[in-house]
Amino acid sequence: MAASFGLGQGASEKSLRSACADAGGAVWLYLADGQLWRMEQDRFTPFVFNLDKPSSCRTIIAETSGLVWVGTDDRLAAIRPLSAPVGFEPRIDHEVAVSKLDFLFASKKGGHWRLVDGSVQLWRDQKLERDFGPYPWSRAPVSAACEDSQGRLIVGTLGAGVFWLHPDTGFTRISTLDGLSHNIVLSLCVDLEGNLWVGTDGGGLNRVRRRLFDTPDARLRVPAVTSVCE
């Protein structure tokens, strides 16, 4: 049975911009005007976070560690939720000043991906684990992100297609030049078989399959193959 709670209704500045579920199962909602809400058992609790100035980026994610990260264009803060008999008592664990935050994405292996100041970064245990360098998509806005089964980042953009990270070789681009129906990407998802599903703006849904076999170089003069195994 559906239920309506009224949050995000009305003017566009009250629209829902980001949402996540924390380690305790509570749902966090972040609105375009800076309102931050936590819902647990149909009870909504507002959190005045002092992040209500205009911002093109409003994002919220929850790490497996329990930390909830809230971000705007130029500010990042980690909230550590605490439950108490009298209700919800959140507190700010720490804050980070940034020049330009574009996207946050929680990693299934712990920590989170941070697209900030033009650089792709992986953070774990509140420390920078690795910086993968400048954005390969230049100034195209980031619209979506996900991870593959090996925890490698995949980024969708508005105009430059999809970028799939390989830690040893960097990002591989998938665009209309590779058969993608549209370079404006709105959503991404990797299924249990490892297929990447790409939702586009006007180009429908695409399925991207990884190449399963490589052809040996003919110059190697590979002998007859008499058996294969898993």
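About the thresholds
- Residues numbered from 1 in each chain as written.
- Predicted model: local features only at pLDDT ≥ 70, side-chain atom pairs only at ≥ 80, totals over all residues.
- Heavy atoms only, no water.
- Helix = DSSP H or I, 4+ residues; strand = E, 2+ residues; numbered from the N terminus.
- Buried < 20%, exposed > 50% of the residue type's maximum accessible area, 1.4 Å probe, protein only.
- Contact = heavy atoms within 4.5 Å.
- Pairing = 2+ DSSP bridges.
- Phe/Tyr/Trp six-rings, centres within 6.5 Å; stacked < 30°, edge-to-face > 60°.
- Lys NZ or Arg CZ within 6 Å of the ring centre and 35° of its normal.
- Axes fitted to C-alpha atoms, helices over the stretch in contact; angles between N-to-C directions.
- Salt bridge = Lys/Arg side-chain N within 4 Å of Asp/Glu carboxyl O.
- Disulfide = S-S within 2.5 Å.

Attention now moves to the overall build of the protein chain. Helix and strand counts for the protein chain come out as zero helices and 21 strands. Counting every position in the protein chain, which comprises 230 residues, the buried fraction comes to 42%. Taking the intrachain contacts of the protein chain between residues at least 6 apart in sequence as the baseline, contacts between residues at least 24 apart amount to 35%.

In terms of residue burial, strand S6 (residues 68-72) counts as a mostly covered element, since five of its five residues are buried. Neither face of S6 is left uncovered, since the one carrying Val-68, Val-70 and Thr-72 and the one carrying Trp-69 and Gly-71 both have all their residues buried. Bridge analysis of strand S5 (residues 59-62) against S6 gives four bridges, and the strand direction is antiparallel. When the bridges of S6 are listed, Ile-60 appears paired with Val-70. Between S5 and S6, which follow one another and run antiparallel, lie five residues, and Gly-66 among them has a positive phi close to 110 degrees. By the bridge criterion, five bridges tie S6 to strand S7 (residues 75-80) in an arrangement that is antiparallel. Considered in S7, the bridge of Thr-72 is made with Arg-75. Here S6 hands over to S7 after two residues, the two strands then running antiparallel side by side.

When you line up the elements, Ala-23 lands in the loop between strand S1 (16-21) and strand S2 (27-31). Apart from residues lying up to four places away in sequence, Ala-23 is in contact with Thr-64 and Gly-66.

Let's shift gears to the packing of aromatic side chains. What the rule picks out here adds up to five aromatic pairs. Ring centres of Trp-113 and Phe-132 lie 5.7 Å apart, and the angle between their planes is 40 degrees; on these two criteria the pair is classed as tilted. Pair noted here: Trp-113 is in strand S12 (residues 112-116) and Phe-132 is in strand S14 (residues 127-134), with a separation of 19 residues, a long-range link. Relative to Trp-137, the ring of Tyr-135 lies with its centre 4.8 Å away and its plane at 20 degrees, an arrangement referred to as stacked. It is Arg-114 that lies over the ring of Trp-69; its NZ or CZ is 5.2 Å from the centre. Above the ring of Trp-123, the side-chain terminus of Arg-114 is found at 3.9 Å from the ring centroid.

Turning our attention to the sheet that holds S2. Here four strands make up an open sheet; going across it, the order is S1-S2-S3-S4 and the pairing antiparallel. Of all strands in the sheet, those with a lone pairing partner are S1 and strand S4 (43-46), marking the two edges. Direction aside, neighbouring strands of the sheet carry axes that sit 20 degrees apart on average. Relative to S4, strand S3 (residues 36-40) runs antiparallel, the two sharing four bridges. Looking across to S4, one finds that Arg-38 is bridged to Thr-45.

On to the pattern of salt bridges, then. The final tally for this structure, using the stated rule, is seven salt bridges. A salt bridge links Glu-95 to Arg-75; the shortest N-O distance between them is 2.6 Å. With a gap of 20 residues between them, Glu-95 in strand S10 (residues 91-97) and Arg-75 in strand S7 connect regions that are remote in the sequence. Through salt bridges with shared partners, a single network forms among Asp-22, Arg-38 and Glu-40.

Moving on to the state of the cysteines. Scanning the model with the defined rule gives zero disulfides in all. The thiol of Cys-146 is not disulfide-bonded; the next cysteine sulfur, from Cys-189, is found 6.8 Å away. Accessibility expressed as a relative area gives 8% for Cys-146, which makes it buried.

A word on the environment of Arg-130. Here Arg-130 shows up in strand S14. Along the backbone, Arg-130 and Pro-167 are 37 residues apart, and their C-alpha atoms lie at a distance of 9.8 Å. Residues within four places of Arg-130 in sequence aside, it is in contact with Val-120, Gln-121, Leu-122 and Pro-167.

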